[in-house]
Each structure stands twice: as C-alpha cells, then as structure tokens.
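# Survey of secondary and tertiary structure
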Amino acid sequence: MARGNVFARAIWIVLALGFLAAGLSRITFNIDVLKLLPTHLPQVEGLSIFLKHFSQPTELIVTVSATDAGMAGDAALALAEHLEKRTDLVKRAVAQPPWEQNPGDMAELLAMLTLNQPPEAVTAFADRLTPEKAPETVRATLERMDESLSPQEVALLGYDPLGVTVSLADSGLMSNAQQSEFSAADGTFRVIYVDAAVPLKNYKHTIKWVGEIKALANAWNSDGKVTLGFTGEPAFVADISGTMEWDMASSANVTLLSIGVIFWLCFRRARPLVDLIAMLMVTFALSLAAAGLFLRELTIIGVGFASIMIGLSVDYGYFIYQKSLRHTGTLRELQRECFANIAWTAGTTAAAFFALNLSSLPGLSQLGNLVGIGVLVGAAVMLLLFAPLAMRWKKVAFAPDAVERWMANPKFTRIGAWMTLALVVILGGVLIVRGLPGVDVSTSVLRPRHSDAYDTSDQLYAKLTDDTNLLSLIVTGKTAKEVREKLQKTEEKLKQAESRGDVRGFHSPLSLWPDAARQAANLPVLATLAREGERLKGTVLEAGFTEESFLLTDAVFRQWIAWKESGKQPPIWPENEASRWIYRRIASRASTPDGVFVAGGVVTPAPERAAAIAQEIQSDGVWLVSWKALGSELQRVVPGEFRKLILGLLGIILALLWIGFRSFRDVLVLAVTLALVGVALMGAMRLLEMPWNFFNIAAILLLLGTGVDYSILLLLALRRNGGDVVAARQALGLVILLCAGSAAAGFGTLTWANNRGLASLGQTCALGLALDAVISIFLLPVLWRVSRGKIQNLK
C-alpha cells in the first residue's frame, strides 16, 4: 500500500510539473492597449485594423535633434550609415526618402501609376509621342523647366523630358507631406527608420535587440552633440513588456512580503509562515500555467492578477490556520469544518471576478478569468495541501491574541463602532457637499506613466504633423477591386465635406491603388509605345538632353515591356524596395492571415467636426479613427455598460445570498453594509480627488464579490453563535483583519504599476477593502442586532 501511495504521488508530481512547464513556457505579453477595450466599438475596431496591418513590428524609429538643421541632417545620415555596418543587427537604416538617393528606383512605381490612368489619358499621352508630335512634346518640357519656380519640378523634368512623371505628381508622392516623414519643417529634427536584420520572435528578443541598437547609437553619440530618441513598435514592446514583467514580479513579491510580515506580527511562528508562503507560490504557479495554456498572452491589466490572487487566496490559509489552533479532531473534520466558509467566500469572490466577462472590456474579462481561476485554485490548494500541513505542526497552548482580546472588550468595540459610523457620516457628507467622484474615460489612462517610447512618439507627432486633429482613413475589402470601389465612394464623400468646410484636406490612397480594368486596357498601348524607345531617345538627345536624362524613362519603358511579356494579370502591384517603402503605410494585401486588403489614408477635419465626419464617412469596411476620437467614444459608451454590469452583478450576489441564508433580514443587513461601503469609498475617492475610469470602476464589481466575504463570515459566525456579537468578533475579527490586510496589500502593490489604469485599480480596491473590513467588523453586528430588535447590549 505504501509503495502504491508513493507511486501515485510520483505520478501526480510528474503531471503537475508537466502542466507547469507547458503553461509557463507559453506566457507572453500583449502590449496592445486596444485589447483592453470593447471590440465592438467602431473606433476600437478601426484602430485595431490599422495597427494590425500598418504597424511595423521590426522597424525602430530613431529621432535625431540638434540646434542646427545642417548638423541634424549630417548626424542622421552618419548614424544611419553607422548602424547599417552592423549587418547582424540591422537590415537597413533609412534617413531620407529612397527616391532622393536614386530616382531610378521610382521607375517601377511610375510605370504602375501611368498604367493606372484613365485609358483616354494614356491614349492622349501615347499620341503626344508619335513621330510627328514627340519633338514638340520635348520642346514643351524645356520651356516648362525654364519657366518653373520649383527646383523640385525642374530636377524631376530633367530626368523626364517626355512627361511620364505627370502621374507621379498627381499621386502626391512628391509633396512636402510625404517628405515630412523624415524631417521637421525647420530641419532640426530628423528621423531614421531602422529595420531589424532578423524577425523579433518574442518580447525578450525585442528587448535585447532594442537595447543593442540603443547602445550602438549612444556610443556613436558619446559626445552628446545631438539628442537621440527611440520609438516605434519594437521600442513600445521593449518598454511596456519589460515593465509589465517587472510589475507582475515585483507586485507579487511585495504582496508575499507583506503577507509574511502580517502573519508574523500576529502569530510569531516561522514554520507555518514558510508553508503558507510555499502554498501561495504553488497557487500562483498553477494559475499562471493555466493562463499560459488557455490565454497565452497577458494584457497590461492581466499582469495585476498575481498580487490580487495571492492577496485573496491567503485568506483561506489564514482561516484554516486559525481554525487549526483550536481544532482537536481529525484532518477530515478540520477540512469539513472549513469547507462551508471557504466555499462561500471563494464562490462569491470567483463569481465577482468571472462576472467581469459580462463587461465589454476584454482586459477586465481577462483579469476576471485569471483571478477567478486563481481564487478557486487557491481554495483547493489550501484545503487539500495546507490543511494537512497545519495538522502536523506542533500544537501549543492556545492563548487569545491581542486582537482577539480587543474584539472581546466592550469598550473597544463600542468606540470602534462609533468611530466607524463617524467615518461613514463624514465621507457621506463629502459626497453631499462636493458631489460624486469625477469620471475619466480618456485614453490617457491606457498609457504607462513612464515610457521613453511614448515620449519620443509624442515628440515625433508634434514635430512632423501640423495638425493634431488628424483622422486615419481605413478601408478594407476581400478583393483589391472591392477596396478601390469603397475608396472611390469615400473620396466623393470627402470632397463634398471639403466643399462644405467640414474637412480641411485629405490624402486618399486611391491614386496608388491598382485599377485592374484600366491596367488591362492600358498595358498593350504602353508596351507598344515602350518598344519605340530608341526613336524617342533620339528625339530627346536631339533636343539637347543628355543620355542620363533618358534613364528614368527608359526604365519605365522596360517595366511596361516586362509586365506585358510576363503575362502577369492585373491588378499589378509595384514590388521593388522604393515602392514597398511607400506602400508600407497605405496598402496591405491579402497575404495576411485574415485574407483582406486594407488601404490607409489621412483626413484633416475642421475643428470640432471630427466626430461628425467620422460618423458620416463610416460604413461597412470604412473607418475614420484616431486616439482622440476613441476617447470621445469611450466616454459616451462605457459608463452605461458598467451601470448595467454593476446592477447585474449586484442582483447575482443578492440572489446567491438569499439562496444561502434564506433570510430577508440577513440579506438586508448585507445589502445595507454594502451600501455603506459604497458611500464611504466614493466619499474617500472624492476627498482624495480619485476619478473613476474604465479600470478602477471594476473595483465596485470586485468589492461586491471580495468585500462581501467579510460580511458573510461575520454573519455566519453570528448565526453559529446564537447572535453572540462578542464571540463572533472574537472568533473572526483577527481573520478578517488578516484577510483585509493581505488583500489590500495585494491590490495596493499595484499602486506602483507603470500602467496608469492598473495603478488606479489597485489604489481603489485597496481603499475599498480596508473600508469594507472596518465597516463589517464594527457596524454589521450592530445592523444585525437592530434587524432583530435587539437594540440593547450592542457590544
């Protein structure tokens, strides 16, 4: 039998280790703040599509600032060259538009743009290059160069005497707006785009790569002549994932330390404390492994589950240990005695957290699932593993603890009740005088408190963008043709809005989006024209141009011939490096997993008209989005959803309490206690200027499940002791204080989290649990006696 038990234990240990290894190895962090928000909102949906298709996961943006434009420009070029020498780290470092370095690289894009023109325009273009009209066309180019006041136009025409680049100019690619991707208007702020040499497989790999690039750049800039900044997708991943990992580890460790200090101050016993900490670590590891297997990616708010779950799970350990000090029976009897209380408290707590799935905020849903699973795992670990350990400890003569002696002192409890009542009245008065706490549902709560990547991004946006009211145009479709049709309709709407003054300007990708029908009609005409290249070259040379002037046109001709001879079917997309650079932020093709085409543009609405224009333009597969517009949408939608969620959870909790107690008076006592806690919490928040946001508003939900546990424990003790308030307080006063202290420590450690929303959640919950514990201990027994008409002897 002994061998069989040993073998069975070995099997369980192997299975547990396998479960831990499989789950923990799959944990990773998702820094996308949109994963925390309601996915059905148009702004969230549009921004998610934009980030999914146009964010550059391997592109680090390096900014270079100097007091002099020449110094900034030279430094940017030199740093880009320095970085490109490290071929093991950098695939390319781009510090200026690719077409400025080599205009010939634009030939493929120019060939496609001309191919995309209306057939009548292409026919007219070919007609201008017939043997009879070509000399006149070239002379017209010379006259235009003489008359032009634009150095850029003169330089371009010098490489295009036949006028092929008209389509390029029409596309807007050579505008100042496109060049601002690399430089501020005054030239003192420059941008370098650095591509990683290899894919960045995970956040740890990304942190390492970004760190190496920063070290390389800072070493180059050791004299500090210029100021460097780092942003872009890899920088965000490195900044936020690193702090998320630190937040989770540090908050969990601080919570364990706080629990250890609280336990030692109350019981002064080392062995039970070591075993309790070990059980909490087992609970954490099992819960995190489950998260790795079923969730894989932890969001910013999800990292808070460790400290919260540990702070809540230790409650069951405290309760079991307190019971074991007086228990004289068997292990099975101890477990049976503790089961009812733990089942009630764990059940209501888990119900509250699982109820977060009713929220439209995925981040809160994930937090609810993680903590709910952790609480149930913690209850099981404490009952099955910690209770047997408690029975093996050497028993000592039980002497009432100082807290228990205080709880048995009528004078202390009367003073505590009056002081608690005074606190509730004062905080309620704050609500009456100053009103309810404010509500902040702006996107600022999603941001980390400290992030160099965010700071540099803000600077980049301010330097390179003239208007902070920009909206991103996102158009999706299953085919390129569908996207083009939507773009055409959208552009018509935007032109109408522009004529009304609702839109100040826009840049649509329509001119760059392939038109299969036009391309099919134009390719035979242009390929035929291209085969007359030698004749046209002779005409250009006779007019006085050099052979170098015909290189761009010749490259365009060869591209048309190549497409024609390859038999490639429209739509035809440009594929070389320069073209991919331009298209990387305006077109995403169906090679993506979801198999859709996505086009991106920019719209500048008139002041105060952004919301109205976004509503007007939005249709199936079309969005106008921005972070500012997202904040407005959240402010309109989220509070109403939370009201429904809170009322729903309150109904569930009251229903569970009715099923368990079958007493209207007891349920009423609990309801009044919860109401007092709510009033006190909101009064304290108003006093401390703590606004609600769509993170910490979840504190109400958590308090409905977690805080009500203290009231349930005391109510059960009162019923078990025949209404003896002294006995109930003496039995559970210490346990409740320990539980509240540990849970508040668990939430409180999130105060230092780098994410603002997570920190506010921790602060609000810690404050609420502390108030809940005090009100439950001192006022609930009074309410219970009043409900039964026992006004006297309110000890």
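Since the model is a prediction, treat every value here as computed from it, not as a measurement.

What counts, and where the lines are drawn
Residues numbered from 1 in each chain as written. Predicted model: local features only at pLDDT ≥ 70, side-chain atom pairs only at ≥ 80, totals over all residues. Heavy atoms only, no water. Helix = DSSP H or I, 4+ residues; strand = E, 2+ residues; numbered from the N terminus. Buried < 20%, exposed > 50% of the residue type's maximum accessible area, 1.4 Å probe, protein only. Pairing = 2+ DSSP bridges. Expected span 1.5 Å × (residues − 1). Axes fitted to C-alpha atoms, helices over the stretch in contact; angles between N-to-C directions. Contact = heavy atoms within 4.5 Å.

### With respect to the environment of S251
By the secondary structure assignment, S251 is in helix α12 (residues 233–267). The exposure class assigned to S251 is buried, which follows from its relative accessible area of 3%. Sequence-wise, S251 and T751 are 500 residues apart; in three dimensions their C-alpha atoms are separated by 9.1 Å.

### Let's talk about the pairing of strand β7 (residues 471–477)
Burial of β7 is extensive: six of the seven residues sit out of reach of the surface. Where β7 meets strand β10 (residues 597–605), seven bridges bridge the pair, whose relative direction is antiparallel. Residue pairing in the sheet places T476 in a bridge with V598 of β10. When β7 meets strand β11 (residues 622–625), the two strands line up antiparallel, connected through four bridges. Among the inter-strand pairings, S472 is bridged to a residue of β11, identified as V625.

### Brief notes about helix α18 (residues 410–434)
Over its 25 residues, α18 runs 36 Å from end to end, which matches the ideal 36 Å to within 8%, given 1.5 Å per residue. A positive phi of about 85° marks G435, the residue just after α18.

### Some details on the sheet that holds strand β5 (residues 227–231)
With respect to topology, four strands assemble into an open sheet ordered β3-β4-β2-β5, the strand pairing being antiparallel. What marks the edges here is a single partner per strand, and that holds for β3 (90–94) and β5. Sheet twist, expressed as the mean angle between neighbouring strand axes with direction ignored, is 20°. Here helix α3 (residues 69–84) sits on the sheet and contacts β2 (59–65), β3, β4 (189–196) and β5; the angle it forms with β4, its principal contact strand, is near 10°. Across the sheet, helix α11 (residues 203–220) touches β2, β3, β4 and β5, and the angle it forms with β5 is around 170°.

### A closer look at the side chain of S760
Locating S760 in the fold gives a position in helix α30 (residues 756–778). If sequence neighbours within four positions are ignored, S760 has contacts with N693, F695 and N696.

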